[in-house]
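Commentary on secondary and tertiary structure
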There are 4 protein chains.
Amino acid sequence: MGMPLELNTMIVTKGREERIEENLFVLRKEGYRLYPLGIPLEVKKTIEGDTSGTAVIKKVEWADEATVLTYQLLSLNTTN
Amino acid sequence: MGMPLELNTMIVTKGREERIEENLFVLRKEGYRLYPLGIPLEVKKTIEGDTSGTAVIKKVEWADEATVLTYQLLSLNTTN
Amino acid sequence: MGMPLELNTMIVTKGREERIEENLFVLRKEGYRLYPLGIPLEVKKTIEGDTSGTAVIKKVEWADEATVLTYQLLSLNTTN
Amino acid sequence: MGMPLELNTMIVTKGREERIEENLFVLRKEGYRLYPLGIPLEVKKTIEGDTSGTAVIKKVEWADEATVLTYQLLSLNTTN
C-alpha cells in the first residue's frame, strides 16, 4: 500500500498551462506531485528544454490521481 | 529557505470539520500538511482522544499557508 | 523528471526485517519511501494481514533506489 | 501530532560540508528535510548567495531530528 507521489523541483508545462489572469496560470498534471509553494521555481516547456521563466506556486490541489497547480509567473526568459 | 510541511497519518478534527454531504466533510488545518489520499485513516477529535472513525481523504488543497482536506467518512465508532 | 516516492503510514515487513538488538529492527524496502519518524505506527507482516505490533521509526536512509528503516518495536500483538 | 519536515530544492551548505572523497561531500542539517535524490540541484553557501555549483544527492539519512546528506558535486562555478 502507500500513496505514490513525485517530488518536483521545477514546473514542466508541456504547453498545457491555461492562463486565468494576467500572470496566473493553471496546470494539471497526472498523479500526485509534491511541489514547494512560495518558492521561486524554474518553468520549462519540456524537461530537456531551456528554462522559459520563473514562477511561484500559489496553490496545489490533489484529487482523482491528479495534481492541479496554480502558479504566478514572475519573469519570462526572452530570447531575440 | 525550503517549505515547511507536516507529515500526518491521521485526521485530527478538533471538531472543526464541516459536513458538505452525507458522508463527506471538509476540514481546514493551519500550515501545509501532507496526508495520504485514498488510504483509510483514523479520525480523531483530539490527538489524545479515542478514534472516532475511519475516513479516506478524497482531496487535499494547499494555499495561503493552510491545508483544506475533503474526506469521506467510512465508519464511525459508536460507544454506548 | 522528479523523484518518485511513496508515502507510507504503516510498516509492512513481509518477514524481511532483521533484528539488530533486543527491540530494534532493520528493514530494507525497494524505492524511496516516506515514513513518519517518532510516531507510533502499525507493523504488519502483509498488507492484508492483521497488525502484528506497534513500532516507532528511529532512522530512515535513502540511497540507491531503496529505503532502509530502523525501527523500535513498542508492543507485540499476541494471539492465543 | 505529525512529523515536521521541510521540502528543499537546493543545497545550502553554510560552509559546513565535509569532503569525504574527491567530489563527494557530507552535510548535516537540523530537522528532517526532504530533498530529491538523483536530480541535479544548485549548491549555495548561503541562501542569499550566488550558486556555487551543481550537485546530485546520493544518500539521505534521517535520524535524531537531523538530516545527513551525501552529495556528489557535478560542477563548480568559478569566478575570476
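Throughout what follows, the structure given in this document is the object of discussion. Source: prediction; values computed, not measured.

Conventions adopted
Residues numbered from 1 in each chain as written. Chains lettered and ligands numbered in written order. Predicted model: local features only at pLDDT ≥ 70, side-chain atom pairs only at ≥ 80, totals over all residues. Heavy atoms only, no water. Helix = DSSP H or I, 4+ residues; strand = E, 2+ residues; numbered from the N terminus. Rg over C-alpha atoms; globule rule 2.2 N^0.38 Å. Buried < 20%, exposed > 50% of the residue type's maximum accessible area, 1.4 Å probe, protein only. Contact = heavy atoms within 4.5 Å. Areas by Shrake-Rupley, 256 points an atom, 1.4 Å probe, with all protein chains shown as cover. Lys, Arg positive; Asp, Glu negative; His and termini not counted. Charge placed at Lys NZ, Arg CZ, Asp CG, Glu CD. Phe/Tyr/Trp six-rings, centres within 6.5 Å; stacked < 30°, edge-to-face > 60°. Salt bridge = Lys/Arg side-chain N within 4 Å of Asp/Glu carboxyl O. Polar contact = N/O pair within 3.5 Å; in protein donor to acceptor, adjacent residues only side chain to side chain. Nonpolar A, V, L, I, M, F, W, Y, C, P; charged D, E, K, R; others polar. Least-squares fit on C-alpha atoms with pLDDT ≥ 70 in both.

**What about the overall build of chain A?**
The number of helices and strands found in chain A is 0 helices and 8 strands. What you see in chain A, going N to C, is helices and strands ordered as β-β-β-β-β-β-β-β. For chain A, whose C-alpha radius of gyration is 13 Å, the value lies close to the compact-globule estimate of 12 Å for 80 residues. The 80 residues of chain A split such that 49% are buried. For chain A, the share of sequence-separated contacts (at least 6 apart) that also reach a separation of at least 24 residues comes to 55%. A total accessible area of about 4,300 Å² is found for chain A, and carbon and sulfur atoms account for 44% of it. Positive and negative charge centroids in chain A, built from 10 and 12 side chains respectively, lie 1 Å apart.

**Topic: the packing of aromatic side chains**
Residue and element names in this part refer to chain A. The tally for this structure, following the rule as stated, stands at 10 aromatic pairs over all chains. With centroids separated by 5.6 Å and ring planes inclined at 15°, the aromatic side chains of Phe 25 and Tyr 71 adopt a geometry described as stacked. Of this pair, Phe 25 sits in strand E4 (residues 24–30) while Tyr 71 sits in strand E8 (residues 66–76), and the two are 46 residues apart along the sequence. Consider the rings of Tyr 32 and Trp 62, whose centres lie 5.7 Å apart with planes at 40°: the pair is tilted. Of this pair, Tyr 32 sits in the loop between E4 and strand E5 (33–34) while Trp 62 sits in strand E7 (residues 51–63); the two residues are 30 residues apart in sequence, bridging distant segments of the chain. For the pair Tyr 32 and Trp 62, a shared accessibility class is recorded, and that class is buried.

**Topic: the interface of chain C and chain B**
The interface of chain C with chain B comprises 6 residues on the first partner and 6 residues on the second. For the interface between chain C and chain B, the tally reads 0 salt bridges. For the interface between chain C and chain B, the tally reads 0 residue pairs in polar contact (both at pLDDT 80 or more). Across the side of chain C that touches chain B, the residue classes tally to 5 nonpolar, 1 polar and no charged.

**A few points about the relation of the copies chain B and chain A**
Between chain B and chain A, which share one sequence, the superposing operator has a rotation angle of 180° and an axial displacement of 0.0 Å; the RMSD is 0.0 Å. Classification of the inter-copy transformation places it as that of a two-fold axis. Taking C-alpha positions as the reference, the residue of chain B nearest the rotation axis is Glu 61 of chain B, at 2.2 Å. Comparing interface residues between copies, 100% of those in chain B also lie at the interface in chain A; the contact surface is shared.

**Let's talk about the relation of the copies chain C and chain B**
You can overlay chain C on chain B at an RMSD of 0.0 Å; the transform is a turn of 180° with a shift of 0.0 Å along its axis. Of the residues that chain C buries at the interface, 100% are likewise interface residues in chain B, meaning the two copies contact each other through the same surface.

**Here we look at the environment of Ile 39 of chain D**
Within the secondary structure layout, Ile 39 of chain D lies in the loop between strand E5 (33–34) and strand E6 (41–44). Relative accessible area serves as the criterion here: at 4%, Ile 39 of chain D is assigned to the buried category. Spatially, the C-alpha atoms of Ile 39 of chain D and Ala 55 of chain D are 8.1 Å apart, while their sequence positions differ by 16 residues. Not counting residues within four places of it along the chain, the set of residues in contact with Ile 39 of chain D comprises Thr 9 of chain A, Met 1, Gly 2 and Met 3 of chain C together with Ala 55 and Val 56 of chain D.

**Notes on unusual backbone geometry**
Phi is positive for Glu 65 of chain C, close to 60°, though the residue is something other than glycine. Position of Glu 65 of chain C among the secondary structure elements: in the loop between strand E7 (51–63) and strand E8 (66–76). When its relative accessible area of 52% is taken as the criterion, Glu 65 of chain C is described as exposed. Non-glycine residue Asp 64 of chain D carries a positive phi angle of around 50°. Relative to the helices and strands, Asp 64 of chain D resides in the loop between strand E7 (51–63) and strand E8 (66–76).

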